[in-house]
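Next come the chains, spelled out residue by residue.
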Amino acid sequence: MQVWPINEKKYENMSFLPPLSNQEIAKQVQYLVNNGWVPCVEFANQEDGFVVAGNRANVMSPGYYDNRYWTMYKLPMYGCTDPGQVLEEIYNCKMENPGCFVRLLGFDNVRQVQCAGLIIVRP
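Quantities reported herein were computed from a predicted structural model and do not represent experimental measurements.

*Asks:* Looking at this model, I keep getting lost on the overall build of the protein. Mind explaining?
*Replies:* When helices and strands are counted, the protein shows two helices and six strands. Reading the secondary structure of the protein in the N-to-C direction produces α-β-β-β-β-α-β-β. Per-residue burial over the protein gives 33% buried out of 123 residues. If you take every contact in the protein between residues at least 6 apart in sequence, the share linking residues at least 24 apart comes to 62%. Just so you have it, the protein exposes about 8,200 Å², and 53% of that area is on carbon and sulfur atoms.

In structure tokens form, the structure reads like this:
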């Protein structure tokens, strides 16, 4: 088993996997929709796509880190039941923001928590 290379930046969950194919992305989107989660597409510049330690002088919380919030591409897709619509929004976000990271989140609107998140596009 190989450990993570020292100089390799760490991104969010599943970032250790090779880039997902369009079919694999479609399966992830289908999983979100099947669970009734609200899909949300976000993007970030290359320098903001990974987490870094926060400013410890101003923050007393041990779990704090910067770059955890990205820019929403559009509002969350409340009521979306068609995975094709989500895939179209991912594609549009990728085309409108070249050279940026694009991630897909899934929110449970009943429990008010994020249930899924994965990076779809890496620059």
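Resuming the write-up.
*Asks:* What exactly am I supposed to notice about the nonpolar core here?
*Replies:* For soluble globular proteins, the rule of thumb is that nonpolar side chains tend to be buried together. Grouped together as the largest cluster of nonpolar side chains are 20 residues, with contacts concentrated most on Val 29, Val 41, Val 86, Ile 90, Leu 104 and Ile 120. Of all the secondary structure elements, the ones that give two or more residues to this core are α1 (22–34), β1 (38–44), α2 (83–96), β5 (101–108) and β6 (113–121). Setting aside anything within four residues of it in sequence, one finds Val 86 in contact with Val 29, Pro 39, Met 77, Cys 80 and Leu 104.

*Asks:* Just to check I follow, could you spell out the pattern of salt bridges for this structure?
*Replies:* Here the idea is simple: oppositely charged side chains can pair when their charged atoms come close. This structure, assessed with the given rule, holds three salt bridges. In this structure, Arg 111 and Asp 108 form a salt bridge, with 2.9 Å as the shortest nitrogen-oxygen distance. Residue classification places Arg 111 among the exposed residues on the basis of a relative accessible area of 54%. Using a relative accessible area of 14% as the deciding quantity, one classes Asp 108 as buried.

*Asks:* Help me understand the packing of aromatic side chains, please; the structure alone is not making it clear to me.
*Replies:* Two aromatic rings are characterised by how far apart their centres lie and by the angle between their planes. Per the counting criterion, the structure on display carries two aromatic pairs. Judged by centre distance (5.6 Å) and plane angle (80°), the ring pair of Tyr 31 and Trp 37 falls under edge-to-face. By relative accessible area, which is 48% here, Tyr 31 ends up partly exposed. Judged by relative accessible area, which is 13%, Trp 37 ranks as buried. The ring of Trp 70 is capped by Arg 103, whose NZ or CZ atom sits 4.2 Å from the centre of that ring.

Procedures and definitions
Residues numbered from 1 in each chain as written. Predicted model: local features only at pLDDT ≥ 70, side-chain atom pairs only at ≥ 80, totals over all residues. Heavy atoms only, no water. Helix = DSSP H or I, 4+ residues; strand = E, 2+ residues; numbered from the N terminus. Buried < 20%, exposed > 50% of the residue type's maximum accessible area, 1.4 Å probe, protein only. Contact = heavy atoms within 4.5 Å. Areas by Shrake-Rupley, 256 points an atom, 1.4 Å probe, with all protein chains shown as cover. Core = buried A, V, L, I, M, F, W, Y, C linked by side-chain atoms within 4.5 Å. Salt bridge = Lys/Arg side-chain N within 4 Å of Asp/Glu carboxyl O. Phe/Tyr/Trp six-rings, centres within 6.5 Å; stacked < 30°, edge-to-face > 60°. Lys NZ or Arg CZ within 6 Å of the ring centre and 35° of its normal.

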